[in-house]
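Architecture and fold: a report
Listed below, chain by chain, are the residues.
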Amino acid sequence: MRLVGLILGLVLVFPVFPLGRWQAFTLDTAQFAFIVTVLALSWDLLARTGQLSLAQGAFFGLGAYAAGLSAPALGTIGGLLLGAAVAALSSLLLGLATLRLQGIYFAIATLAFSEVMRTLVLKAEFTGGATGLPVAPAFGGSWVLGGYYLAAAVLVLGVLTSLWVGRSRLSYAQAAARQGEAVARVLGVAVVRVKLLSFLLSSALAGLAGGVYAMKTLFLSPYDAFGLGRAVEALVIPIFGGLYTTLGPLLGGLLLVALETWLRLEIKDGYLVVYGLILILAILFMPKGLVGLWRARGKTAKEDRNA
Amino acid sequence: MKRVLVGLLALLGLALAQTTLRVGVLLPLSGVSSVSGKAALNGIQLAADQVNAGGKVKLELVTADDGTDPAKAVPALTKLMTVDKVDIVIGGLASGVTYALSGPIKQYKPLFLCIGAASSVVENAFSGYDQFFHYHPWDYHNVAAALDFFKSLYSQGARKVAILYEDGPFGSAGIKIYQEQLQKAGYAVQAEPFKTGSGNFTAILTRFKAFKPDILYWIGYDVDALPISTQVRQVGLAPKLVYGAPPSWPVGFDKNPLSSDVVGMTAWLPSVSNTESRKFSAAYKKQYGEITDEYMAPMGYTIVLSLAKAAEAAGSADKDKIAEALAKVRMDTPFGPLAFKPSDTGKTQYQGFDSSIWLQFQYLGGTRRPVFPKSVAARPLRYPGSY
């Protein structure tokens with residue numbers, strides 16, 4: 001918890017760090033890192049119920065398009081809220097139809113949903129179709145650090161939501177649903193309702209992240225906004241950082257984006273090979289992620305002190 | 001002693017007379033556009049080496065990968081501008097990524113030499129930005145060039161076009177305009193989408209059989225070329241012409257008998273017989289040991305040579321003076337003459353090439369041969385072709 005607070009504190013004061021000529025670059029990179037991290041936090045919220053969603057890219061895209069289309073009329077904050085609402089509403093409909101499915105069946109259903117959404121946006125005229133959709137910058141581009149603090153605010157919101165869920169009664173219900181759905185039902189847990197609520201929170205956050213992304217990149221295309229790569233990124237980060245925690249996706253997201261950026265600058269051609277190898281090794285040797293490693297060390301240190 | 005001093009002074013004079021430019025190169029070296037991006041980088045590097053060997057202008061290239069992804073491209077551009085401190089940027093290959101760069105470009109105000117980005121959406125985005133030099137033709141130029149060819153086929157008796165287009169941004173973006181324009185030219189048109197890379201076209205091609213098209217026009221990617229060529233024969237569609245429009249053709253497709261008589265469009269071929277094209281091909285082969293078919297390589301090459309010419313004329317590394325000189329540059333290139341003028345819509349001030357650089361080629365005897373327009377045709381078009 002202290003580490004989470006420390007990271008969020010650093011995020012808020014980061015623009016005043018004396019980074020010299022690297023400042024603009026690191027602020028830009030940080031904004032994208034915050035967006036990806038929120039997406040990872042959102043995926044983890046549903047994963048806590050034992051469901052593997054491949055629809056985070058779709059919620060991200062829906063939020064991005066809804067925010068991009070509505071921001072000229074509703075303003076930056078209004079557009080983002082509408083984006084989150086559209087993503088949440090679509091998850092409600094998808095969830096009602098599919099949340100009784102489990103494991104790979106649910107994953108396939110969410111994957112199909114992503115494809116359907118992408119195709120609809122591709123074919124619709126009001127979304128700009130295949131040509132793409134230009135989006136206005138956050139706050140009309142009038143505030144230089146507006147984009148940064150918007151991304152930071154969404155990150156803080158994502159972290160607070162994740163912490164709140166982790167400390168609420170909902171987390172026990174989520175853990176019960178994950179560990180054995182039948183047993184959870186016998187214990188009186190309304191499993192589908194728990195999953196639906198988790199799905200709703202998860203998709204709203206993903207939609208919010210999508211909206212911030214749209215206002216940063218200023219242009220959306222269906223293949224970029226609804227890309228499967230984004231859904232995969234959303235699940236790789238929590239696995240790398242530590243599943244079912246807040247610190248895991250937070251630390252994982254920031255570190256992985258920093259690592260990828262650094263590798264791209266240092267290695268250039270073929271950096272993805274090294275990045276992929278690091279991920280494979282991390283998953284092989286840190287099955288519980290960074291947080292698991294942290295906790296194991298803490299436990300060992302405690303045992304040493306007690307001995 | 002005197003001679004040494006004179007020599008040193010001459011060297012010093014040469015160094016002072018040399019204009020040194022630090023140029024940012026932002027291209028897709030990974031992601032879906034990486035084949036074109038790497039070809040462009042080869043052309044850029046080749047031209048930079050030639051310019052540096054010339055001694056009048058010294059180019060220092062700072063290369064960055066945009067990953068064909070706005071989320072990577074925006075920070076990469078910011079780094080070029082704020083960390084590497086470049087004033088001139090060559091880049092903007094994929095339209096979506098270039099659009100995303102329009103915000104930061106306007107913020108940092110570099111001289112932006114745009115290598116690709118044919119979409120009119122990009123033209124709108126850079127409207128009013130006076131340091132935007134767009135070399136590649138716009139999408140309406142591409143449509144015009146293809147239509148000229150289809151009009152000539154109409155005069156040879158073609159009346160029906162079946163269009164097979166991939167359902168992504170590349171295939172779908174201009175499809176309505178193509179359909180409308182072809183119908184305007186007198187063609188009956190039937191269009192069907194497909195998923196690129198799916199490999200199975202028999203169902204759609206069988207549906208096309210009832211339509212009895214004279215021309216099968218497919219817009220997709222390199223992976224679709226071979227399955228389409230195979231399955232056209234398999235279902236017995238027997239069109240008089242197969243016209244493909246992928247951004248790049250599969251490696252070795254020319255050696256496959258299935259490529260025979262297939263027609264496509266490109267901006268350049270190694271066989272284009274103008275002096276600059278021959279010079280480029282020879283220099284490319286010398287430096288890289290092979291000949292490229294990717295027109296982005298001579299496009300990158302052309303951009304750097306025109307930049308060096310402008311820097312030499314400006315006699316300064318100041319980007320405003322270079323932009324002023326670049327606007328006046330007149331030079332021969334592998335694509336033909338280059339001179340900047342306002343775009344056809346008037347939205348941007350400096351447009352390099354237009355529809356005249358596009359040429360139609362046909363796979364004949366295992367090689368791509370220019371067949372249209374007549375001014376560049378090395379062989380007559382085989383129509384009807386044998387498929």
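Heads up: the structure comes first, above all this text.
Here the structure is a predicted model, which means the values were calculated and not measured. (Residues numbered from 1 in each chain as written. Chains lettered and ligands numbered in written order. Predicted model: local features only at pLDDT ≥ 70, side-chain atom pairs only at ≥ 80, totals over all residues. Heavy atoms only, no water.)

What to know about the overall build of chain B
Applied cut-off: Only runs of H or I of at least four residues qualify as helices and only runs of E of at least two qualify as strands under DSSP, and these elements are numbered from the N terminus. Radius of gyration: C-alpha atoms only; globule rule: 2.2 Å multiplied by the number of residues to the exponent 0.38. Exposed residues in this analysis have more than 50% of their type's maximum accessible area, buried residues have under 20%, and partly exposed residues fall in between, with area computed by a 1.4 Å probe over protein chains only. The charge count treats Lys and Arg as positive and Asp and Glu as negative. His and the chain ends do not count. Throughout, a charge is located at the NZ atom of Lys, the CZ atom of Arg, the CG atom of Asp or the CD atom of Glu.
Along chain B, the regular secondary structure elements total 13 helices and 15 strands. Rg of the C-alpha trace for chain B: 22 Å, near the compact-globule value of 21 Å for 387 residues, within the 12% margin. Considered along the principal axes of its C-alpha atoms, chain B spans approximately 85 × 40 × 35 Å. For chain B, buried positions account for 56% of its 387 residues. Positive and negative side-chain charges of chain B, numbering 39 and 31 respectively, have mean locations separated by a distance of 5 Å.

Here we look at empty space enclosed by the protein
All names here are of chain A. To be explicit about the condition: Put simply, the grid is 1 Å and covers the protein atoms alone, a cavity is a trapped set of points that fit a 1.4 Å probe, a pocket is an open set with protein on both sides within 12 Å along at least five of seven lines, and lining residues have an atom within 4 Å of a point. Grid points are joined across faces, edges and corners, and a volume is the space filled by probe spheres set on the points. The nonpolar class holds Ala, Val, Leu, Ile, Met, Phe, Trp, Tyr, Cys and Pro. Asp, Glu, Lys and Arg form the charged class, and all remaining residues, Gly among them, are polar.
Evaluated as defined, the whole model comprises 1 cavity of 30 Å³ or more. Each pocket or cavity is described by its volume, and for the largest cavity that value is around 40 Å³. Leu-111, Ser-114, Glu-115, Arg-118, Phe-226, Gly-227 and Leu-228 are the residues that line the largest cavity. Among the elements that take part in the lining of the largest cavity, helix H4 (residues 103–123) stands out by supplying 4 residues, more than any other. When its residues are assigned to classes, the lining of the largest cavity shows 3 nonpolar, 2 polar and 2 charged.

Things to note about the interface of chain A and chain B
Inclusion rule: Note on contacts: a residue pair is in contact if any heavy atoms of the two residues lie within 4.5 Å. Accessible surface is computed with a 1.4 Å probe, and the buried area is the amount of it that two parts give up when combined, taken over both parts together. What makes a salt bridge here is a side-chain nitrogen of Lys or Arg within 4 Å of a carboxyl oxygen of Asp or Glu, nothing more. Pairs of N or O atoms are called polar contacts if they sit within 3.5 Å, as long as, within protein, a hydrogen donor faces a hydrogen acceptor (for residues adjacent in sequence, only side-chain-to-side-chain pairs).
If you look at the interface, chain A gives 29 residues, while chain B gives 32 residues. With both chains or domains summed, chain A and chain B bury close to 2500 Å², and 63% of this area falls on carbon and sulfur atoms. Looking only at chain A, the three residues that lose the most surface to chain B are A:Arg21, A:Phe219 and A:Arg264, adding up to 19% of its buried area. Of the charged contacts in the structure, one is a salt bridge between A:Glu260 and B:Lys72, with a shortest N-O distance of 3.4 Å. If you look at where chain A meets chain B, you find 4 residue pairs in polar contact (both at pLDDT 80 or more). Taken together, the elements giving at least two residues each to the side of chain A that touches chain B come down to helix H2 (23–47), H4, helix H8 (191–217), helix H9 (222–225), helix H11 (247–266) and helix H12 (271–285) of chain A. Tallied by class, residues from the side of chain A that touches chain B come to 14 nonpolar, 3 polar and 12 charged.

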